[in-house]
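Observations on the three-dimensional arrangement
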Amino acid sequence: MADECILRFENVSMHFDGDDAPALDRVSFNLMAGETIVLFGAAGAGKTVLLKLAVGLLRPVSGRILLFGRDVTELREQEWYAMRARAGILFQEGGLFDSMTIEENVSYPMLNQKLVEIAPEEVHRRVEEVLQFVGLPQTMDKFPSELSGGMRRRVGIARATVTHPKLLMYDSPTAGLDPITANRIIALLIKERELRNTASMIVTHRFQDGHMLATFRYNPQTDKVLEASPEQREKLHTRFFVMKDGRLVFEGTEEELDKSTDPYISKFTMQRV
Ligand SMILES: Nc1ncnc2c1ncn2[C@@H]1O[C@H](COP(=O)(O)OP(=O)(O)OP(=O)(O)O)[C@@H](O)[C@H]1O
Ligand SMILES: [Mg+2]
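Predicted model, so just to flag it, every value in this text is computed and none were measured.

Describing the site of ligand 1
Taken together, 13 residues lie near ligand 1, and Gly44, Lys47, Thr48, Val49 and Gln92 sit nearest. Take Ala45: an N or O atom from its main chain is 3.2 Å from an oxygen atom of ligand 1. Between ligand 1 and Gln92, the relevant distance is 2.7 Å, taken from an oxygen atom to a side-chain nitrogen or oxygen of the residue. For ligand 1, whose unbound accessible area comes to 630 Å², protein coverage reaches 60%.

Structure representation (structure tokens):
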């Protein structure tokens, strides 16, 4: 793993006007290239706020955020365009534009981020490639309302990954999906991180998602996502975070998470299938 720090939080806090408690309370961590962070936490714990701070959609009240080695805490909106082009995000609500076709939705980041230099004739090819990647090559001309929830999630992944960003953040990519579709989505995330050595952060409530990310790898020879051997697991670099009331209350490996006796933290392991 390259020891390039992709995202760094230093004592980051966030407070919304009118709220008693902070939404994020002095959170610090590093996310390195090739690393995966699985983020658990009850509703309202601050998971989405953390992701939005990382890409400048919210600004912290205190602390420092470094993205690709650059201090972005005080970055102006214009400068954020360039930074965001290098970070893909799958929003919790999906975030697809209902009035646009799937092709238009997926090409959006390429056409609207001036700093991603992709030739116009290349855009269509990229959309085809990425829709193929998520297993939806026939949906180009459809509208989001014509697709199932799981398919829309896959389109969201296609859109987040189309510019080949070095940082990918997925907010609840499997929420509300059946286990088969959820596993298929996690397999896509595993394939993406392996092919491009991306740093990834995944918010989920499903322990099974975290377990798969920590123990499964993509084999390019067979194009399959399979359970990794114990030696290979070391190279998957997957860590688990648990948030509670805006604070990071746990950080460690799957094994350490499993061993936790804290009643709040162990709730995220008991769902284990
Ligand atoms: N735009 C906003 N304005 C005011 N308060 C907000 C805003 N966004 C989030 N909050 C508050 O910040 C806290 C953390 O919210 P956040 O959306 O990060 O939770 P979450 O961990 O993502 O929960 P869930 O699992 O339900 O998605 C909550 O108390 C929420 O009410
Ligand atoms: Mg959320």
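Following the structure, the description resumes.
Points about the sheet that holds strand β1 (residues 5–14)
Taken together, the 4 strands give an open sheet; going across it, the order is β2-β1-β4-β5, and neighbouring strands pair in antiparallel fashion. Every other strand in the sheet has two partners, leaving β2 (24–32) and β5 (70–71) as the edge strands with one partner each. As paired strands, β1 and strand β4 (residues 62–67) are joined by 5 bridges and run antiparallel to one another. Across the sheet, Arg8 pairs through a bridge with Leu66, a residue of β4. Against the sheet, helix α1 (residues 47–54) makes contact with β1, β2 and β4, and its axis sits at roughly 120 degrees relative to β1, the strand it touches most.

Observations concerning the environment of Phe250
Among the structural elements, Phe250 can be located in strand β12 (residues 247–252). Distance from Phe250 to Leu39, taken between C-alpha atoms, is 9.8 Å for residues 211 residues apart in sequence. Here Phe250 is in contact with Phe240, Phe241, Val242, Glu256, Leu257 and Ile265, once residues within four sequence places are set aside.

Description of the pairing of β1
Note: β1 against β2, 6 bridges, orientation antiparallel. Counterpart to Leu7 in the pairing with β2 is Leu31.

Some details on the packing of aromatic side chains
On inspection of all chains with the given rule, the structure shows 8 aromatic pairs. Between the aromatic rings of Phe40 and Phe240, the centroid separation amounts to 6.1 Å while the plane-to-plane angle is 25 degrees, which identifies the pairing as stacked. Of the two residues, Phe40 is situated in strand β3 (residues 36–41) and Phe240 in strand β11 (residues 238–244); the sequence distance between them amounts to 200 residues. Like Phe240, Phe40 is buried. Geometrically, the ring pair formed by Phe40 and Phe268 is stacked, given 5.4 Å between the ring centres and 15 degrees between the ring planes. Remark: Phe268 occurs in helix α10 (residues 263–270) and Phe40 occurs in strand β3; sequence separation between them is 228 residues. This pair shows no difference in class: Phe40 is buried, exactly as Phe268 is. One aromatic cluster is present, built from ring pairs that chain together Phe40, Phe207, Phe240, Tyr264 and Phe268.

Some words on the coordination of the magnesium ion (ligand 2)
Looking at the magnesium ion (ligand 2), the protein donor atoms are Thr48 (OG1) and Gln92 (OE1), and they sit 2.0 to 2.3 Å from it. Of this pair, Thr48 sits in helix α1 while Gln92 is found in the loop between β6 (87–90) and α3 (102–112), placing the two residues 44 residues apart along the sequence. Gln92 gets classed as partly exposed once you look at its relative accessible area, which sits at 38%.

Considering the nonpolar core
Among the nonpolar cores identified, the biggest contains 81 residues, and Phe9, Leu24, Phe29, Leu50, Val106, Leu167 and Met201 are the most heavily contacted of them. Among the elements that make up this core, the one with the highest residue count is helix α6 (residues 179–196) (6 residues). Contact partners of Leu50, with chain neighbours within four places excluded, come to Phe9, Leu24, Val27, Phe29, Leu39, Met201 and Met243.

Thoughts on the sheet that holds β3
The strand order across the open sheet built from 6 strands is β6-β7-β8-β3-β11-β12, with neighbouring strands paired in mixed fashion. For this open sheet the edge positions go to β6 and β12, each flanked by a neighbour on one side alone. When strand polarity is set aside, the average angle formed by the axes of neighbouring strands in this sheet is 15 degrees. Of the pairings in the sheet, the one linking β6 to strand β7 (residues 167–171) comprises 4 bridges and is parallel in character. In the strand pairing of β7, Gly88 is matched with Leu168.

Observations regarding the packing of α3 against helix α4 (residues 120–133)
Interhelical geometry of α3 versus α4 gives an angle of 120 degrees and a closest axis separation of 10 Å. The hand of the α3/α4 crossing is right-handed. In this structure, α3 uses Ile102, Glu103, Val106, Ser107, Met110 and Leu111 to contact α4, whose residues at the interface are Val123, His124, Arg126, Val127, Val130 and Leu131. Classifying every residue of the contact of α3 with α4 by side-chain character gives 8 nonpolar, 2 polar and 2 charged.

Criteria and thresholds
Residues numbered from 1 in each chain as written. Chains lettered and ligands numbered in written order. Predicted model: local features only at pLDDT ≥ 70, side-chain atom pairs only at ≥ 80, totals over all residues. Heavy atoms only, no water. Near = heavy atom within 4 Å. Polar contact = N/O pair within 3.5 Å; in protein donor to acceptor, adjacent residues only side chain to side chain. Areas by Shrake-Rupley, 256 points an atom, 1.4 Å probe, with all protein chains shown as cover. Pairing = 2+ DSSP bridges. Helix = DSSP H or I, 4+ residues; strand = E, 2+ residues; numbered from the N terminus. Contact = heavy atoms within 4.5 Å. Axes fitted to C-alpha atoms, helices over the stretch in contact; angles between N-to-C directions. Phe/Tyr/Trp six-rings, centres within 6.5 Å; stacked < 30°, edge-to-face > 60°. Buried < 20%, exposed > 50% of the residue type's maximum accessible area, 1.4 Å probe, protein only. Donors = N, O, S within 2.8 Å, 3.2 Å for Na, K, Ca; no water. Core = buried A, V, L, I, M, F, W, Y, C linked by side-chain atoms within 4.5 Å. Left-handed = near helix turned anticlockwise from the far one by under 90°. Nonpolar A, V, L, I, M, F, W, Y, C, P; charged D, E, K, R; others polar.

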